[in-house]
Amino acid sequence: MNTNPAERRAHTAGLDPNCYEIFNALDQGFCTIEMLFDAGGVPKDYRFLQVNDAFEQQTGLRDATGRWMRELAPAHEEHWFRIYGAIASTGTPERFEQEAAALNRWFDVYAFRVDEPQLHHVAILFRDITDRKRAEVALRAARHEADRANRAKDEFVAMLAHELRTPLAPMLTALQLLRLRGSSTREQDVLERQVAHLNRMVDDLLDVSRSSRGKLQLHREPAELWQVVLSAIELAGPRLEQHFVDVQVPREGLGVNVDRGRMAQVFANLLSNAAKYSDVGSRILLTGSRASGIVRITVKDEGIGLAPDVLDHVFEPFVQQPQGRERAAGGLGLGLAIVRSLVAGHGGTVRAESAGANRGSEFIVELPAR
């Protein structure tokens, strides 16, 4: 007969005494149980044969040794009895995470059969993971709330853009009719420019709204990059007049499948952005090349550069680089967000690089080659 208390506990648990002492030293909970089955082999309850020192802290159950689980926690869920019953019957160990609502806890559990099969003994090594699970629930709730807020923002942006579009259309028409009738004043020119600027901002709002809701439509067709670049320069128009635009794009060999209008919008936005953040008379370099099935287009300027904190968020909506007093802020900070969305819609990528303040910026667009 065993006389050492540790040996007696280990014998009851079906474990080597040294192994039991190791389990007793762990900060994880450990216990051995004896499963109780009814006449039909259905698991009905289990009795604690032995628990380690961390058991009470991990479960909240006191004086458990020798007592039945339904006595300690009458509302303990049936799935616990089914899981441990299956392990006792089959000998197949299991690792799982499960809630014990009756104990107001979650557990990470590893359970395995010990001793002779007919004894229906199961050893259980477990850890209370309630705090982690509650944090996960809180995180999911926060994400759900953020998603709800983003949806509300997208719906508001879409509604605002459509409401602004309604008065803009007749205003533009009226100004164009005045010009056609030969009535042209300096005031009308100012109004026409500002209404056109407002119209572009509304278009940007609509594009961001469609993109965020997955409703941005692209009509792709074969094209040479050179053709798209020419359209982009025409779109950027007056914004480039006070800069030297150096285009180094071959007329052939850079075939892509793109929505020409939308891709021209991408490069026009990048060129306009380069002009906006560069001094008058500075050089803007646009290059195109092909390698390993990828067409790469870069727009490089000599402007104010991108600060590291801006570089990480430059493609997010409503983010703008501080421009200083000599440069008036323009637009809504949507141009680069639209660029990213349109490039992604073509299966491509876009990234920004900058060596720091006053050292210029470079935007690299990569598209699948045709």
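Not measured: the values here are computed from a predicted model.

A separate point is the overall build of the protein. A count of helical and extended segments in the protein gives 11 helices and 12 strands. In the protein, which comprises 370 residues, the share counted as buried stands at 41%. Considering only residue pairs separated by 6 or more positions, the protein has 61% of its internal contacts joining residues 24 or more positions apart. For the protein, the accessible surface area stands at approximately 20300 Å², while carbon and sulfur atoms represent 51% of it.

Looking now at the sheet that holds strand E7 (residues 244-248). Across the sheet, 5 strands lie side by side as E7-E9-E10-E12-E11; this open sheet has mixed pairing. At either margin of the open sheet sits one strand with a lone partner, and together these are E7 and strand E11 (349-354). Across the sheet, the mean angle from the axis of one strand to that of its neighbour is 15°, orientation sign disregarded. Inspection of the sheet shows E7 paired to strand E9 (residues 283-291) by 5 bridges, in the parallel sense. Counted as the bridge partner of valine 247 is leucine 286 from E9.

Now for the side chain of aspartate 259. Residue position: aspartate 259 is located in the loop between strand E8 (255-258) and helix H9 (260-276). One buried charged side chain, aspartate 259, makes no salt bridge at all; its nearest oppositely charged neighbour is arginine 262, positioned 5.2 Å away. Residues within four places of aspartate 259 in sequence aside, it is in contact with Gln217, Leu218, His219, Arg220 and His346.

The N-to-C vectors of helix H8 (residues 225-236) and H9 enclose an angle of 55°; their axes lie 8 Å apart at closest approach. Comparing the axis directions of H8 and H9 gives the class oblique. The interaxial crossing formed by H8 with H9 has right-handed handedness. Contacts between H8 and H9 involve Leu225, Gln227, Val228, Ser231, Ala232, Ile233, Leu235 and Ala236 from the former and Arg260, Met263, Ala264, Gln265, Phe267, Ala268, Leu271 and Ser272 from the latter. Across the contact of H8 with H9, the residue classes break down as 11 nonpolar, 4 polar and 1 charged.

Moving on: the pairing of strand E1 (residues 29-37). Summarising burial for E1: 7 of the 9 residues are buried, a large majority. Two strands pair when backbone bridges link them, and E1 and strand E5 (residues 121-128) are joined in this way by 6 bridges, in the antiparallel orientation. Looking across to E5, one finds that isoleucine 33 is bridged to valine 122. Across 7 bridges, the pairing between E1 and strand E2 (residues 43-51) is antiparallel. Note on E2: the bridge partner recorded for threonine 32 is glutamine 50.

On to the packing of aromatic side chains, then. Overall, the coordinates contain 11 aromatic pairs when judged by the stated rule. A ring pair is formed by phenylalanine 48 and phenylalanine 55, whose centres lie 5.2 Å apart and whose planes are at 70°; its orientation type is edge-to-face. In this structure phenylalanine 48 comes out as buried when scored by relative accessible area, which is 3%. Taking the relative accessible area as the measure of exposure, phenylalanine 55 reaches 3% and is therefore buried. Plain terms: the ring middles of phenylalanine 55 and phenylalanine 126 are 5.9 Å apart, the flat faces sit at 85° to each other, and that makes the pair edge-to-face. Placement of the pair is phenylalanine 55 in helix H3 (residues 55-59) and phenylalanine 126 in strand E5, with a sequence separation of 71 residues. Accessibility classification places phenylalanine 55 together with phenylalanine 126 in one group, the buried group. Among the aromatic residues, those joined into a ring-pair cluster are Tyr46, Phe48, Phe55, Trp80, Phe81, Tyr84, Phe96, Phe107 and Phe126. Looking at arginine 70, its charged tip hangs above the ring of phenylalanine 81, at a distance of 4.0 Å from the centre. Over the face of the ring belonging to tryptophan 106 we find lysine 133, whose NZ or CZ atom lies 4.7 Å from the ring centre.

As a further point, take the nonpolar core. Of all hydrophobic cores here, the largest spans 43 residues; its most connected members are Leu225, Val266, Phe267, Leu270, Ile297, Val365 and Leu367. Excluding its chain neighbours within four sequence positions, the residues that come into contact with leucine 225 are Val249, Leu254, Phe267, Gly288, Val295 and Ile297. Listed in part, the 28 residues of the second largest apolar core include Met35, Tyr46, Ile83 and Leu103.

The complete set of buried residues in helix H11 (residues 335-345) reads Leu336, Ala337, Ile338, Val339, Ser341, Leu342 and Val343. In the stretch just after H11, glycine 347 is the one whose phi turns positive, near 75°.

Bringing the pattern of salt bridges into the picture now. Think of it this way: side chains of opposite charge can pair up when their charged atoms draw near. Following the criterion strictly, the structure yields 18 salt bridges and no others. Taking the shortest distance from any N to any O, the salt bridge between arginine 95 and aspartate 108 comes out at 2.7 Å. One end of the pair, arginine 95, is in strand E3 (residues 94-100); the other, aspartate 108, is in strand E4 (residues 105-114), with 13 residues separating them in the sequence. Look at arginine 95 and you get exposed, because its relative accessible area is 58%.

Thresholds, definitions, all that
Residues numbered from 1 in each chain as written. Predicted model: local features only at pLDDT ≥ 70, side-chain atom pairs only at ≥ 80, totals over all residues. Heavy atoms only, no water. Helix = DSSP H or I, 4+ residues; strand = E, 2+ residues; numbered from the N terminus. Buried < 20%, exposed > 50% of the residue type's maximum accessible area, 1.4 Å probe, protein only. Contact = heavy atoms within 4.5 Å. Areas by Shrake-Rupley, 256 points an atom, 1.4 Å probe, with all protein chains shown as cover. Pairing = 2+ DSSP bridges. Axes fitted to C-alpha atoms, helices over the stretch in contact; angles between N-to-C directions. Lys, Arg positive; Asp, Glu negative; His and termini not counted. Salt bridge = Lys/Arg side-chain N within 4 Å of Asp/Glu carboxyl O. Parallel < 35°, antiparallel > 145°, perpendicular 65-115°, else oblique. Left-handed = near helix turned anticlockwise from the far one by under 90°. Nonpolar A, V, L, I, M, F, W, Y, C, P; charged D, E, K, R; others polar. Phe/Tyr/Trp six-rings, centres within 6.5 Å; stacked < 30°, edge-to-face > 60°. Lys NZ or Arg CZ within 6 Å of the ring centre and 35° of its normal. Core = buried A, V, L, I, M, F, W, Y, C linked by side-chain atoms within 4.5 Å.

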